[in-house]
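Secondary and tertiary structure notes
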Amino acid sequence: MSTVYTLRLNDKGQEVKRLQETLSIGADGKFGPKTQKAVRDYQQQNGLSADGIVGPQTLKHMGNEVLHGLDVSAWNGKNIDWEETAKANIKFCWVKVTEGVTHVNRGYEDKFKGARDAGLIVGGYHFGRPDHNRYDNPLTDAEKEAHHFLKHLKKVGAHSGDLLPVLDVEAGMKTDDQYNVDWTLKWLDVVEEELGVKSVIYTAKWAWGLYLYKANKNDLEKLTEYPVWYARYKRKKHLVGPEDKLRGWKEWDVWQYTGHGSCPGLKGRCDLNWMAGAQLNKLRIP
């Protein structure tokens, strides 16, 4: 895993804006010559390499570190060497727990234990299936899926310091965005009532456009009050955020930048993510 998150001249986005705020300069989210000079000045004053490029060392010194993470499921096999993964600077991992009302992801308990033992921050996710439409009332179906997830999450625990639970929103009724949003909000409500915390929504531009965006505006606003883990795969070598403007949300909390990455300790391809480090406490169970 050789990809390193850096900010440099001509970059744009929320992390550039966060950098500018840290430097107490005009925060327009555009890394221009003024920002580059402020970065060099900061680096010189703090004994860092004054190259005007904001890499892991400078980001960490500023308290703006962007963290590397994984998400895993049965597709990643059962023999993950979590110690090797931790040595590769992976800080967090979401593990798939359930899908629909019956599926339990094979080996999730072992993955939780292995990741925790290696010092990773861990959480569980559920793949929602509102597209199954088992009942006329989407709320009944969402409740059943939420309780299925909670039942199995309880086996590994949702401890203080763990990552917030996640609802994977990549499926839905293609002709009824309102149904999908009502379903999603109900699932989120049930889990929040049980655990006392908001969940994270995992989604992507294509899923937003296919299943959600035609719903009632007020309901969409409720949805975007939840933290977002946004999947948008990099097509360019150097990017500091999804290439396209986020749909619905103003900022990403977690960015899944590839589904074809590699990481020590895992065989084959895997999903890789960056978390805006300043968001970490917001994304953990108190």
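Higher on the page you've got the structure.
Quick look at the structure, then.

**Quick notes on the overall build of the protein chain**
For the protein chain, the count of helices and strands is nine helices and nine strands. Overall, the protein chain is about 60 × 45 × 35 Å in size when its C-alpha atoms are taken along their principal axes. A total of 286 residues make up the protein chain; the buried ones form 53% of that total. Long-range pairs, those at least 24 residues apart, make up 67% of the contacts in the protein chain between residues at least 6 apart in sequence. When the accessible surface of the protein chain is split by element, carbon and sulfur atoms take 46% of a total near 13,700 Å². Looking at charge distribution, the protein chain has the averaged site of its 42 positive side-chain charges lying 5 Å from that of its 38 negative ones.

**Some thoughts on the pattern of salt bridges**
Tallied over the entire structure, the rule returns 11 salt bridges. One salt bridge in this structure joins Glu15 and Arg18, with 2.9 Å as the shortest N-O distance. One end of the pair is Glu15 and the other is Arg18, both in helix 1 (residues 14-22) and three residues apart, which spans about a single turn. Accessibility assignment for this pair places Glu15 and Arg18 in one class, buried. Notably, a salt bridge pairs Asp219 with Lys222, separated by 3.8 Å at the nearest N-O pair. Residue Asp219 and its partner Lys222 are located together in helix 9 (residues 217-223), separated by three residues, close to a single helical turn. For Lys222, a relative accessible area of 44% corresponds to the partly exposed category. Several salt bridges share partner residues, and in doing so they unite Lys96, Glu99, Arg129 and Asp131 into one network.

**Overview of the side chain of Thr203**
By secondary structure assignment, the location of Thr203 is in strand 6 (residues 200-204). Of the polar contacts made by the side chain of Thr203, one reaches the backbone oxygen of Val169; its length is 3.2 Å. Beyond its immediate chain neighbours, meaning those up to four positions away, Thr203 contacts Val169, Trp208, Leu212, Val228, Trp229, Tyr230, Ala231 and Trp249.

**Brief notes about empty space enclosed by the protein**
Applying the stated criterion across every chain, the model contains one cavity of 30 Å³ or more. Among the residues making up the lining of the largest cavity, the classes are represented as eight nonpolar, three polar and one charged.

**Overview of the environment of Gly32**
Relative to the assigned elements, Gly32 resides in the loop between helix 1 and helix 2 (33-45). In the structure, Gly32 is positioned 33 residues away from Glu65 in sequence and 20 Å away in space, judged by C-alpha atoms.

What counts and how
Residues numbered from 1 in each chain as written. Predicted model: local features only at pLDDT ≥ 70, side-chain atom pairs only at ≥ 80, totals over all residues. Heavy atoms only, no water. Helix = DSSP H or I, 4+ residues; strand = E, 2+ residues; numbered from the N terminus. Buried < 20%, exposed > 50% of the residue type's maximum accessible area, 1.4 Å probe, protein only. Contact = heavy atoms within 4.5 Å. Areas by Shrake-Rupley, 256 points an atom, 1.4 Å probe, with all protein chains shown as cover. Lys, Arg positive; Asp, Glu negative; His and termini not counted. Charge placed at Lys NZ, Arg CZ, Asp CG, Glu CD. Salt bridge = Lys/Arg side-chain N within 4 Å of Asp/Glu carboxyl O. Polar contact = N/O pair within 3.5 Å; in protein donor to acceptor, adjacent residues only side chain to side chain. 1 Å grid on protein atoms, 1.4 Å probe; cavity = no way out; pocket = protein on both sides within 12 Å on 5 of 7 lines; lining within 4 Å. Points joined across faces, edges and corners; volume = space filled by probe spheres on them. Nonpolar A, V, L, I, M, F, W, Y, C, P; charged D, E, K, R; others polar.

Honestly, that's just the spatial picture; any functional story needs more than this.
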